[in-house]
Amino acid sequence: GDSLKVWLRAERELSLVPEPLPLEVLLEDEHVVVLNKQAGLVVHPAPGHWSGTLVHGLLHRMLLQRTAPGSAPASPSSDLLPDVSGSGLRPGVVHRLDRFTTGAIVAAKTARAQRQLMAAFAARRVWKVYLAVCVGEPHTRAVIDAPIGRHTTDRLRMAVRRGDGADAREALSVVHRIATDGRLSLVAVLLRTGRTHQIRVHLADAGHPVLGDPLYGDANWNRLEARTARRPLLHARELRLAHPHSGELLHAVAPAPDDLAAYGARLAGVSPDRFDAWAREATDAVLAEARDSFEYC
């Protein structure tokens, strides 16, 4: 007696055609590739973004790598990247970053790598450190253990749901303030889970929203800093994980983009060209103990 409604996407929307897009590669071998994603780049096709995604750019990169020098490009095929989920829209994808979040993202080039990387993320065996510019002056260190689910009235937003939502899932963020001027702060966030919009939601719920965030941010601060904070100033700085083939530790650090580096340098009292080196020292100092005890296998 049940009634089901099914919407089928048009075939043209399901076709993934490799596209030449600028991709900044941090690490790559025959099994994995780690990129420094730029702001504005959607990770995989979805409604409203059927082309121009990171997946399209990766497909083009794989196509070039498989084409012999001097020969005509081979026809696009479904075996350029693995798709163990069978969705047809997420080949190579093992995790995601929000559209306007920058930084390190790993993709798989083989089915074995994709399965093992997806399992590592699900088991919380991936070290993920983010930098964010936020409003106000948070505590020196804060452990935010607050479940996240869909907002009760706005389905485009996520929210902290304390005991009032069956869809809420455990979410854990460890926030370290590493620089501040009393008005804005730079924080390093160790992400222990990977919920949608997790850092943005957790910081907003704590009263320190990410600067430039149009969905969860402070409207007054966003307006004051609109010329230089044109997106949520959130950056996936570092990934550490066991290589899916060799088991050796894979470590990637994504240099901060200019907008976040400019704010971070000002808050830290260093020049922008020194910011990445300073950020490495600052994050290493506050996260050393946690990093040394982290389990990757």
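No experiment lies behind these values; they were computed from the predicted model shown.

## Some thoughts on the nonpolar core
In step 1: Core analysis: the biggest nonpolar cluster contains 37 residues, and Leu35, Leu58, Tyr130, Val187, Ile199 and Leu203 have the highest contact counts within it.
In step 2: No other element matches the six residues that helix 2 (residues 54–66) contributes to this core.
In step 3: Beyond its immediate sequence surroundings of up to four residues, leucine 35 is in contact with Leu23, Glu24, Val25, Leu26, Leu54, Leu58, Gly103, Ala104 and Ile105.
In step 4: Counting residues in hydrophobic clusters, the runner-up holds 22 residues, among them Ala188, Ala261, Tyr263 and Leu267.

## Notes on the side chain of glutamine 198
In step 1: Residue placement: glutamine 198 occurs in helix 4 (residues 198–205).
In step 2: Residue classification places glutamine 198 among the buried positions, given a relative accessible area of 2%.
In step 3: Within the local environment of glutamine 198, its side chain forms a polar contact with the backbone oxygen of leucine 172, the two atoms lying 3.0 Å apart.
In step 4: Side-chain polar atoms of glutamine 198 contact the side chain of threonine 193, separated by 2.7 Å.

## Points about unusual backbone geometry
In step 1: The residue arginine 124 is not glycine, and still its phi comes out positive at about 60 degrees.
In step 2: Summarising the element assignment, arginine 124 is placed in the loop between helix 3 (111–122) and strand 4 (127–135).
In step 3: In this structure arginine 124 comes out as partly exposed when scored by relative accessible area, which is 32%.
In step 4: Of note, histidine 197 is a non-glycine position whose phi angle comes to about 60 degrees, a positive value.
In step 5: Looking at where histidine 197 falls in the secondary structure, it is placed in the loop between strand 9 (184–191) and helix 4.

## Regarding empty space enclosed by the protein
In step 1: Enumeration over the complete set of coordinates arrives at three cavities of 30 Å³ or more.
In step 2: What lines the largest cavity is simply Val43, Leu54, Leu58, Gly92, Val93, Val94, His95, Ile105, Val106 and Ala107.
In step 3: Residue assignment for the lining of the largest cavity shows that the elements contributing at least two residues are helix 2 and strand 3 (102–108).
In step 4: By residue number, the principal contributor to the lining of the largest cavity is strand 3, which donates three residues.
In step 5: Counted by class, the lining of the largest cavity contains eight nonpolar, two polar and no charged residues.

## A word on the layout of surface pockets
In step 1: Here the largest pocket is characterised by a volume of approximately 1700 Å³.
In step 2: Considering the residues around the largest pocket, the lining is formed by 49 residues, among which Arg96, Leu97, Asp98, Thr196 and His197 are closest to the centre.
In step 3: When contributions to the lining of the largest pocket are tallied by element, the ones reaching two or more residues are helix 3, strand 4, strand 6 (148–150) and helix 4.
In step 4: A class-by-class count of the residues in the lining of the largest pocket yields 21 nonpolar, 12 polar and 16 charged.
In step 5: Empty space within the second largest pocket amounts to approximately 220 Å³.
In step 6: Considering the residues around the second largest pocket, the lining is formed by 14 residues, among which Leu190, Arg192, Glu289, Ala290 and Ser293 are closest to the centre.
In step 7: Those elements that provide at least two residues to the lining of the second largest pocket are strand 8 (172–180) and helix 7 (275–292).
In step 8: In terms of residues, the lining of the second largest pocket owes the most to one element, helix 7, which gives four residues.
In step 9: Counted by class, the lining of the second largest pocket contains seven nonpolar, two polar and five charged residues.

The rules behind the values
Sequence order as written defines the numbering, with residues in each chain counted from 1. Only residues with pLDDT of at least 70 get local features here, since the model is predicted, and only at 80 or more are side-chain atom pairs given and counted; chain-wide, interface and lining totals rely on the full set of residues. The side-chain values count all of the structure's non-hydrogen atoms but skip hydrogen atoms and water molecules. The definition of a nonpolar core used throughout is a set of buried Ala, Val, Leu, Ile, Met, Phe, Trp, Tyr and Cys residues joined through side-chain atoms within 4.5 Å. Each residue gets one of three labels from its accessible area relative to the maximum for its type: buried under 20%, exposed over 50%, partly exposed in between, using a 1.4 Å probe on protein chains only. Per the convention used, a helix needs a DSSP run of H or I reaching at least four residues, while a strand needs a run of E reaching at least two, with both numbered from the N terminus. Throughout, a contact is declared for two residues whenever any of their heavy atoms are within 4.5 Å. Side-chain atoms alone can form a polar contact between residues adjacent in sequence; in general such a contact is a pair of N or O atoms within 3.5 Å, and within protein one must be able to donate a hydrogen while the other accepts it. A cavity, in this analysis, means grid points on a 1 Å lattice covering only the protein atoms where a 1.4 Å probe fits yet has no way out; a pocket is instead an open set bounded by protein on both sides within 12 Å along at least five of seven lines, and a residue lines either one if it has an atom within 4 Å of a point. Grid points are joined across faces, edges and corners, and a volume is the space filled by probe spheres set on the points. Amino acids outside the nonpolar list (Ala, Val, Leu, Ile, Met, Phe, Trp, Tyr, Cys, Pro) and the charged list (Asp, Glu, Lys, Arg) are all regarded as polar, and Gly is one of them.

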